[in-house]
Amino acid sequence: MDFRIMSDSSCDISAEQEKIYDIRLIPYYVSFDGETYRKDRTEVTAEAFYQEMVDKPDVYPKTSMPTQVDFYEAFLPYAKNGEKIIYLNLTSKFSSSFQSANLAAEGLMEEYPDCKIAVIDSFSATVQEGLLVTEAARMAQAGLSFEETVERLEELKMTSRIFFTTGDLSYLQKGGRIGKVLTQAASMLKIKPIIHLYEGELQAAGIARARKKSIRKFLDDAKAFFADKNINDYRICTGKGHDQEEYDAFHKEVEEEMKALGFTGEVESYQIGCTIGVHTGPTPIGIACIRKFDA
């Protein structure tokens, strides 16, 4: 391959995908007490993290981004070897880590002029980001050049969408992602939100009176997205939080609905990890898609 793909732990690719595509992930940090921070994926698993949230419903965890030193140290071994790196970062709308990654990259390219590091704002998060990261790896394996891949990624990230819901808006409110008034209204009326993430920002897309209705609504939104497109030009995945039984039924429904639209590919399955789970609580569930680079 002409270059190396790197990303952060918020992309939620599987350990198997890390190995298959030789992707290096830089971890975010999560904490339940605001003092002891653990590295996402390496020091705490998503399963253990969600269980802790379920066991401590009145405690709201926090996240901390990688530091500029973290980025520097992660990039350094490859920079020393004069390698090329494409690093895909969690949407800059959620975190200032994009700036830290850029500063580290700029410093290393001055120190080691033979290396090249492109830091890309993915405009996405969790499974949506994961699809973009693995598309970058597919391009590398297909033999595209560093420059071609950077250009294509800037185009591809605008084709991705994620449609999801969560059972408790208080986590999004605590993290500053939505307003307090909406959270209070949702609690009083027992409504569930439908949320899209597009162009790097969360967008409210409606409400429903019950969990099943909210899932049905965002699934309908996903189907509407494909109405004027060739669905087989896209990769599609689902993402889960804590409830495996609910997720299994949901994933099966998505497979059936996408097949009815003519989709012949695999609906991939992802675990929504700790970094994003801090903001969604233990009950996120959703569907994401991205146009394939070679479609």
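Asker: What should I look at first to understand the overall build of the protein chain in this one?
Answerer: Within the protein chain, the regular secondary structure consists of 11 helices and 13 strands. Compactness check: the protein chain gives a C-alpha radius of gyration of 19 Å against a globular reference of 19 Å for 295 residues, within 12% of the reference. Overall, the C-alpha framework of the protein chain stretches about 60 × 50 × 30 Å when taken along its three principal axes. Each of the 295 residues in the protein chain was classed as buried or not, and the buried ones make up 52%. Contacts in the protein chain between residues at least 24 apart in sequence constitute 76% of all its contacts with a sequence separation of at least 6. In the protein chain, 35 positive and 47 negative side-chain charges are present, and the distance between their average locations comes to 6 Å.

Asker: When you look at helix α4 (residues 97–111) in this model, what are you seeing that I'm missing?
Answerer: A turn of α-helix holds 3.6 residues, and therefore any two residues three or four places apart point the same way. Helix length check: α4 (15 residues) gives 21 Å between terminal C-alpha atoms against 21 Å at 1.5 Å per residue, within 8%. When we look at burial in α4, the residues that qualify are S97, S100, A101, A104, A105 and L108. One face of α4 carries all of its buried residues, which in axial projection span an arc of 130 degrees. The exposed residues of α4 that point more than 90 degrees off its buried face are Q99 and E110. On its buried face, α4 is in contact with α3 (68–80), β6 (84–89) and β7 (116–121).

Asker: Where do I start with the nonpolar core in this structure?
Answerer: Considering soluble globular proteins, one finds that nonpolar side chains tend to be buried as a cluster. Core analysis: the largest hydrophobic core is formed by 48 residues, its most contacted members being I5, I23, F49, I86, L88, V127 and L153. Of the residues forming this core, the biggest block, 8 residues, is contributed by helix α5 (residues 126–142). Counting residues in hydrophobic clusters, the runner-up holds 21 residues, among them F163, F225, I231 and Y234.

Asker: Mind showing me how you'd approach the side chain of K240 here?
Answerer: Relative to the assigned elements, K240 resides in strand β11 (residues 234–240). Of the buried charged residues, K240 lacks a salt bridge, with E47 as the closest side chain of opposite charge at 5.7 Å. Look past the residues within four positions of K240 in its chain and what remains in contact with it is Y247, Y270, Q271, I272 and P284.

Asker: Explain the sheet that holds strand β5 (residues 62–64) here, please?
Answerer: The strands that make up a sheet are held in pairs by hydrogen bonds between backbone atoms, and each pair lies either parallel or antiparallel. Spatial strand order, β4-β3-β5: 3 strands in an open sheet with antiparallel pairing. Bordering the open sheet on either side are β4 (38–39) and β5, each of which pairs with just one other strand. Of the strand pairs in this sheet, strand β3 (residues 29–31) and β5 are connected by 3 bridges, and their pairing is antiparallel. The residue bridging V30 from the neighbouring strand is T63, located in β5.

Asker: Explain the pairing of β11 here, please?
Answerer: For β11, a buried count of 7 out of 7 residues is recorded, marking the element as mostly surrounded by other parts of the structure. Side chains Y234, I236, T238 and K240 project from β11 onto one buried face, and the interleaved R235, C237 and G239 project onto a second face that is buried too. Across 7 bridges, β11 lies against strand β13 (residues 285–291) in antiparallel orientation. Looking at the pairing, G239 lines up with G286 of β13. Here 5 bridges tie β11 to strand β12 (residues 267–271), and the two strands are oriented parallel to one another. In the strand pairing of β12, K240 is matched with Q271. Assessed by its sense of winding, the connection that carries the chain from β11 through helix α10 (residues 244–260) to β12 is right-handed.

About the cut-offs
- The numbers attached to residues start from 1 for each chain and follow its sequence in the written order.
- Where totals are concerned, whole chains, interfaces and linings use all residues; where local detail is concerned, this predicted model gives features only for residues with pLDDT of at least 70, and gives and counts side-chain atom pairs only at 80 or more.
- The basis for the side-chain values is all heavy atoms of the structure; hydrogens and waters are excluded.
- The secondary structure listing takes helices from DSSP runs of H or I that are at least 4 residues long and strands from runs of E that are at least 2 residues long, numbered from the N terminus.
- All radius of gyration figures rest on C-alpha atoms, and the globule criterion is 2.2 Å times the number of residues raised to 0.38.
- In this scheme, a residue with accessible area under 20% of its type's maximum is buried, one over 50% is exposed, and one in between is partly exposed, where area comes from a 1.4 Å probe on protein chains only.
- Every residue pair with non-hydrogen atoms within 4.5 Å of one another is taken to be in contact.
- By the counting scheme adopted, Arg and Lys are positive, Glu and Asp are negative, and His together with the chain ends is not counted.
- Working definition for charges: the position is that of NZ of Lys, CZ of Arg, CG of Asp or CD of Glu.
- The span you would expect from a helix comes to 1.5 Å times its residue count less one.
- Regarding the arc, it is the one traced by the directions from the helix axis to the C-beta atoms.
- Only buried residues count toward a nonpolar core. Its members are Ala, Val, Leu, Ile, Met, Phe, Trp, Tyr and Cys residues joined through side-chain atoms within 4.5 Å.
- Note on definitions: salt bridges are taken to be side-chain nitrogens of Lys or Arg within 4 Å of carboxyl oxygens of Asp or Glu.
- At least two DSSP bridges between two strands are needed for those strands to be called paired.
- Handedness rule for crossovers: strands pointing away from the viewer, path from the first strand over the helix to the second running clockwise, crossover right-handed.

Read these as layout, nothing more, since geometry by itself doesn't imply function.
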